[in-house]
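Each chain, written out:
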Amino acid sequence: MLTIRQYGDPVLKQPTKEVEEIDGRVAKLVGDMVETMYEAPGVGLAANQVGVQRRLFVYDIGDGPHVIINPRITEASGEWSFEEGCLSVPGLSWTIVRPSHVHLVGLDLDGNELSIDAEEYQARVFQHEVDHLDGTLLIERLDEDQRREARKILRARALAG
Ligand code: ZN
């Protein structure tokens, strides 16, 4: 089991580095991340959420688990409103508008190229996790009012904790 880093941890704001070689260490990390995601429980987990600066995430939206190594979103279109939360910002969620459709490319654990057209929920998970790998938290996707409210809650929490 790995520790999920929480809002305020600088590791969440640093863009991750591409995986150059898919070796046993990467496979072990992926296995540990999947376990940690299920235990949380969550539907997605990015490597920097467990303190590892590598560009990969795991997810399971009911047909997994899956891993995407070196993911890139190459196309995005449409608009979809969905209530989104994050394991690194526990207990909070916001309705966020993002593209409804994305095309994602990357590699699987065997190094095979992946090319996935995703809609709505799957597209949302992909965007959320790729954001993490770029050092972006969902807080930065909020509108101005939501963000002001979120900062207030998170500041109060930091003081309490
Ligand atoms: Zn998250």
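This text follows the structure it describes.
Residues numbered from 1 in each chain as written. Predicted model: local features only at pLDDT ≥ 70, side-chain atom pairs only at ≥ 80, totals over all residues. Heavy atoms only, no water.

A. Expanded view of the overall build of the protein. Per the secondary structure count, the protein includes three helices and seven strands. Listing each helix as α and each strand as β along the protein from the N terminus yields α-β-β-β-β-β-β-β-α-α. For the protein, the C-alpha radius of gyration of 15 Å lies close to 15 Å, the compact-globule estimate for 161 residues. Taking the principal axes of its C-alpha atoms as reference, the protein extends roughly 45 × 35 × 25 Å. Burial statistics for the protein: of 161 residues in total, 43% are counted as buried. (Helix = DSSP H or I, 4+ residues; strand = E, 2+ residues; numbered from the N terminus. Rg over C-alpha atoms; globule rule 2.2 N^0.38 Å. Buried < 20%, exposed > 50% of the residue type's maximum accessible area, 1.4 Å probe, protein only.)

B. Geometry of the side chain of His103. For His103, the position within the fold is in strand S6 (residues 101–107). A polar contact of 3.0 Å, which involves the side chain of His103, links it to the side chain of Asp117. Not counting the four nearest positions on each side in its chain, His103 is found in contact with Arg72, Ile73, Thr74, Glu75, Ser115, Ile116 and Asp117. (Polar contact = N/O pair within 3.5 Å; in protein donor to acceptor, adjacent residues only side chain to side chain. Contact = heavy atoms within 4.5 Å.)

C. The arrangement of the coordination of the zinc ion in detail. Looking at the metal site, the zinc ion is ligated by Cys86 (SG), His128 (NE2) and His132 (NE2), spaced 2.0 to 2.3 Å from it. Donor residues for the zinc ion sit on one chain with the sequence pattern C-x41-H-x3-H. Of this pair, Cys86 sits in the loop between strand S4 (80–85) and strand S5 (93–98) while His128 sits in helix H2 (residues 120–133); the two residues are 42 residues apart in sequence, bridging distant segments of the chain. Residue Cys86 shares its accessibility class with His128, and that shared class is buried. (Donors = N, O, S within 2.8 Å, 3.2 Å for Na, K, Ca; no water.)

D. Just the layout of surface pockets, in detail. Considering only enclosed or pocket space, the largest pocket measures out at about 280 Å³ in volume. Lining the largest pocket we find Lys17, Glu18, Val19, Glu20, Glu21, Asp23, Arg25, Val26, Leu29, Val52 and Arg54. Taken together, the residues of the lining of the largest pocket sort by class into four nonpolar, no polar and seven charged. Estimates place the volume of the second largest pocket at around 230 Å³. Around the second largest pocket sit 17 residues that line it, and Val43, Gly85, Cys86, His128 and Glu129 are the ones nearest its centre. Taken together, the elements giving at least two residues each to the lining of the second largest pocket come down to S4 and H2. (1 Å grid on protein atoms, 1.4 Å probe; cavity = no way out; pocket = protein on both sides within 12 Å on 5 of 7 lines; lining within 4 Å. Points joined across faces, edges and corners; volume = space filled by probe spheres on them. Nonpolar A, V, L, I, M, F, W, Y, C, P; charged D, E, K, R; others polar.)

E. Main features of H2. An ideal rise of 1.5 Å per residue puts 20 Å on 14 residues; H2 measures up with 20 Å between its terminal C-alpha atoms. In terms of burial, H2 is a largely internal element, 12 of the 14 residues being buried. Positive phi shows up at Gly135, right after H2, with a value of about 85°. (Expected span 1.5 Å × (residues − 1).)

F. Spotlight on the environment of Pro15. Within the secondary structure, Pro15 sits in the segment before helix H1 (24–39). Residues Pro15 and His128, spaced 113 residues apart in sequence, show a C-alpha to C-alpha distance of 14 Å. Discounting residues that sit within four places of it in the chain, Pro15 has contacts with Gln53, Leu133, Asp134 and Gly135.

G. Region of the structure containing a negative patch on the surface. Taken together, Glu75, Asp117, Glu119 and Glu120 make up a surface patch of like negative charges. Of note, Asp117 is situated in strand S7 (residues 113–119). On the basis of relative accessible area, Asp117 is assigned to the exposed category, the value being 51%. (Patch = residues over 30% accessible without salt bridge, like charges linked within 9 Å, V, L, I, M, F, W, Y side chains within 5 Å. Areas by Shrake-Rupley, 256 points an atom, 1.4 Å probe, with all protein chains shown as cover. Salt bridge = Lys/Arg side-chain N within 4 Å of Asp/Glu carboxyl O. Lys, Arg positive; Asp, Glu negative; His and termini not counted. Charge placed at Lys NZ, Arg CZ, Asp CG, Glu CD.)

H. Local environment of the pattern of salt bridges. A full pass over the atoms with the stated rule returns 11 salt bridges. With its nearest N and O atoms 3.1 Å apart, the salt bridge here joins Arg5 to Asp9. With its nearest N and O atoms 2.9 Å apart, the salt bridge here joins Arg55 to Asp134. You can see Arg55 sitting in the loop between strand S1 (44–46) and strand S2 (56–59) and its partner Asp134 sitting in the loop between H2 and helix H3 (144–160), a full 79 residues away along the chain. Given the relative accessible area of 3%, Arg55 is considered buried. Judged by its relative accessible area of 35%, Asp134 falls in the partly exposed class. Within this structure, Glu84, Arg98, Arg124, Asp131 and Arg141 form a network of salt bridges that share partners.

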